[in-house]
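A closer look at the structure
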Amino acid sequence: MSKQILGFFGWLSICFTAAALGALASAQAGSFYKALIRPPWAPPGWLFGPVWTVLYILMAISAWLVWRAYGLRKAGPELTLFVFQLAVNALWTWLFFVWHLGALAFAEILFLWLLSIATAIMFWRRNRFAGALFIPYLAWVSFASVLTWAVWKSNPHILA
């Protein structure tokens, strides 16, 4: 039982390491986000933290369920893809908020979307509940992709 608990906290740590890397990049994001021309349907800046917290917890549970049932040896490709998409996830914040590379951030989030779909499908094949836990993340990344495009296109003087 303790191995399972440690495993859960391990996956939670992996997810929140990605979150921390993104948080480092978004330390000054509040004022930058407010200065951008945003579509009327853009969420307020304060909403991103709580949404991402829930999503990272759901992703950690998802990875943990796959790991718990199959281990690293049998589910290595699925879990490797999971960690890779987390790294790509963290990179977006740097591209957008630190380096102000709107076009690259948009291309990168489309890549993240594809990686997230692939991860969800691979997890679904191992554990349907683990795959289903990825659905809110996929929905948010889909929304974030459209928002990234809209903000990038509305701010050519700020976002390259």
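The following paragraphs examine the structure supplied in this document. Worth saying up front: this structure is predicted, and the values here are computed from it rather than measured. (Residues numbered from 1 in each chain as written. Predicted model: local features only at pLDDT ≥ 70, side-chain atom pairs only at ≥ 80, totals over all residues. Heavy atoms only, no water.)

1. Topic: the overall build of the protein chain
Selection criterion: The helix count covers DSSP runs of H or I at least four residues long, the strand count covers runs of E at least two residues long, and both are numbered beginning at the N terminus. For the radius of gyration, the atoms used are the C-alpha atoms, and the globule rule reads 2.2 Å times the number of residues raised to 0.38. Any residue under 20% of the maximum accessible area for its type is buried, any over 50% is exposed, and the rest in between are partly exposed; the area is computed with a 1.4 Å probe on protein chains only. Two residues form a contact once any of their heavy atoms are found within 4.5 Å. Method for areas: the Shrake-Rupley scheme with a 1.4 Å probe, in which residue coverage is limited to the protein chains shown.
Looking only at helices and strands, the protein chain has seven helices and zero strands in total. For the protein chain, the succession of helices and strands along the chain, N to C, is α-α-α-α-α-α-α. For 160 residues, the compact-globule estimate of 2.2 N^0.38 gives 15 Å, and the C-alpha radius of gyration of the protein chain, at 16 Å, lies within 12% of that figure. C-alpha atoms of the protein chain, sized along the principal axes, occupy 55 × 25 × 25 Å. Here the protein chain holds 160 residues, and the buried ones make up 46% of them. Considering only residue pairs separated by 6 or more positions, the protein chain has 79% of its internal contacts joining residues 24 or more positions apart. A total of about 8,400 Å² of accessible surface is found on the protein chain, and carbon and sulfur atoms cover 74% of it.

2. Some remarks on the packing of helix α1 (residues 2–25) against helix α3 (residues 48–74)
Note the cut-off: To get an axis, a line is fitted to the C-alpha atoms, and for a helix only the part in contact is used. The angle between two axes follows their N-to-C directions and goes from 0 to 180 degrees. Each angle is binned into one of four classes, with values under 35 degrees roughly parallel, values over 145 roughly antiparallel, values of 65 to 115 roughly perpendicular, and all other values oblique. By convention, the crossing between two helices is left-handed when the near helix turns anticlockwise from the far helix through less than a right angle, and right-handed when the turn is clockwise. Here the nonpolar group is Ala, Val, Leu, Ile, Met, Phe, Trp, Tyr, Cys and Pro; Asp, Glu, Lys and Arg are the charged ones; every other residue, Gly included, is treated as polar.
Two elements in contact, α1 and α3, have axes whose closest approach is 8 Å; the angle formed by their N-to-C orientations is 135 degrees. One finds that α1 runs oblique with respect to α3. When the axes of α1 and α3 are compared, the crossing they make is right-handed. Of the residues in α3, those in contact with K3, Q4, G7, F8, W11, L12, C15, F16, A18 and A19 of α1 are T53, Y56, I57, M59, A60, I61, A63, W64, W67, R68 and L72. Looking at the contact of α1 with α3 residue by residue, the classes come out as 16 nonpolar, three polar and two charged.

3. A look at the environment of F82
Within the fold, F82 resides in helix α4 (residues 76–98). What makes F82 buried here is its relative accessible area of 0%. In this structure the C-alpha to C-alpha distance between F82 and F123, which are 41 residues apart in sequence, comes to 9.1 Å. Discounting residues that sit within four places of it in the chain, F82 has contacts with W11, C15, M59, A63, T119, F123 and F134.

4. Some points on the packing of aromatic side chains
Each aromatic ring pair is described using two quantities: the centre-to-centre distance and the angle formed by the ring planes. Quick note on the threshold: Ring pairs shown here join Phe, Tyr and Trp side chains whose ring centres sit within 6.5 Å, with only the six-membered ring taken for Trp; geometry is labelled stacked below 30 degrees between planes, edge-to-face above 60, and tilted in between. Both a distance and an angle decide whether a charge sits over a ring: NZ of Lys or CZ of Arg must be within 6 Å of the ring centre and within 35 degrees of the ring normal.
Evaluated as defined, the whole model comprises 22 aromatic pairs. The interplanar angle of 85 degrees and the centroid separation of 5.7 Å between the aromatic rings of W92 and F97 together place this pair among those described as edge-to-face. Like W92, the residue F97 is buried in the burial classification. Three or more aromatic residues link up through ring pairs in this structure, and these residues are W11, F16, W52, Y56, F82, F123, F134 and Y137. A cation over an aromatic ring shows up here: R38 above the ring of Y33, its NZ or CZ 4.6 Å from the ring centre. Against the face of W152 rests K153, its NZ or CZ located 4.2 Å from the ring centre.

Honestly, it's all geometry; don't read function into it.
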